Amino acid sequence: ASASRAPIFIYDLPQLLGYGMSTQTVVKLSKASNIAGIKASGPIEQTRIWMDRVPEGFRVIVAKPELMDMLCRHGVREQLDGMWAVAPKWTLEVGAAAAQGDWAKAAHYTRLITALRDAAVQAGLSSFTLLMNRRGVPGRMMPKPTADLSASAAEALLANPVVTQLLQDDPALS
């Protein structure tokens, strides 16, 4: 962290790594002057403990798209997930519904985002690139050597009802 010219965020991603950060490690890192926060993708119970134990000003950003509406309802405003880049309109709908106290609508859009995430995960890591490209964002979103989706996997993902709905509800960016 000390080698960076700007404050950094650490990322706890146990789903991909196979293990998560311990509370002791997060608390220790939270005291480093150049670490601004953590993006927490692990168990929400663990994230809650971190929120309670890190110093004020250290940001704990929750990455739990399947809980977005419930977290908003309980005052957790710092949330971030990559699926929101794929479905910005649905993401904004959750926030707007939450601000109005329309929890049924917030839950509806949270479920759509979760179904989209599940479809993308099932298709494979490169699904994010395919979805962003279909949304009008060019480029490769995954590092090499991650392979592109096969033609049949891409076709199956694009035929998924939630992906079809996304592309109808929130067409490609211009």
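All of the points below concern the structure found in this document. Being a predicted model, the structure only gives us computed values, none of them experimental.

**Thoughts on the side chain of threonine 23**
Structurally, threonine 23 can be placed in helix H2 (residues 23-30). The exposure class assigned to threonine 23 is buried, which follows from its relative accessible area of 15%. Within the structure, threonine 23 has its side chain in polar contact with the side chain of glutamine 46 (distance 2.4 Å). Dropping the residues within four chain positions of it, threonine 23 is found in contact with Gln46, Ile49, Trp50 and Arg53.

**Concerning a nonpolar patch on the surface**
A cluster of nonpolar residues, Leu16, Leu17, Tyr19 and Leu125, forms a patch on the protein surface that exposes about 480 Å² of accessible area. Relative to the assigned elements, tyrosine 19 resides in the loop between helix H1 (14-17) and H2.

**What to know about the sheet that holds strand E3 (residues 59-62)**
Strand order in the open sheet made by the three strands is E1-E2-E3, with parallel pairing throughout. The two strands at the open ends of the sheet, each matched to only one other strand, are strand E1 (8-12) and E3. Along the sheet, successive strands turn relative to each other by an average axial angle of 25 degrees, direction set aside. Where strand E2 (residues 35-40) meets E3, four bridges bridge the pair, whose relative direction is parallel. Within E3, the position partnered with isoleucine 38 by the bridge is valine 60. In this fold helix H3 (residues 44-53) packs onto E1, E2 and E3, with an angle of close to 160 degrees to the strand it touches most, E3.

How each quantity is defined
Residues numbered from 1 in each chain as written. Predicted model: local features only at pLDDT ≥ 70, side-chain atom pairs only at ≥ 80, totals over all residues. Heavy atoms only, no water. Helix = DSSP H or I, 4+ residues; strand = E, 2+ residues; numbered from the N terminus. Buried < 20%, exposed > 50% of the residue type's maximum accessible area, 1.4 Å probe, protein only. Polar contact = N/O pair within 3.5 Å; in protein donor to acceptor, adjacent residues only side chain to side chain. Contact = heavy atoms within 4.5 Å. Patch = residues over 30% accessible without salt bridge, like charges linked within 9 Å, V, L, I, M, F, W, Y side chains within 5 Å. Areas by Shrake-Rupley, 256 points an atom, 1.4 Å probe, with all protein chains shown as cover. Salt bridge = Lys/Arg side-chain N within 4 Å of Asp/Glu carboxyl O. Pairing = 2+ DSSP bridges. Axes fitted to C-alpha atoms, helices over the stretch in contact; angles between N-to-C directions.

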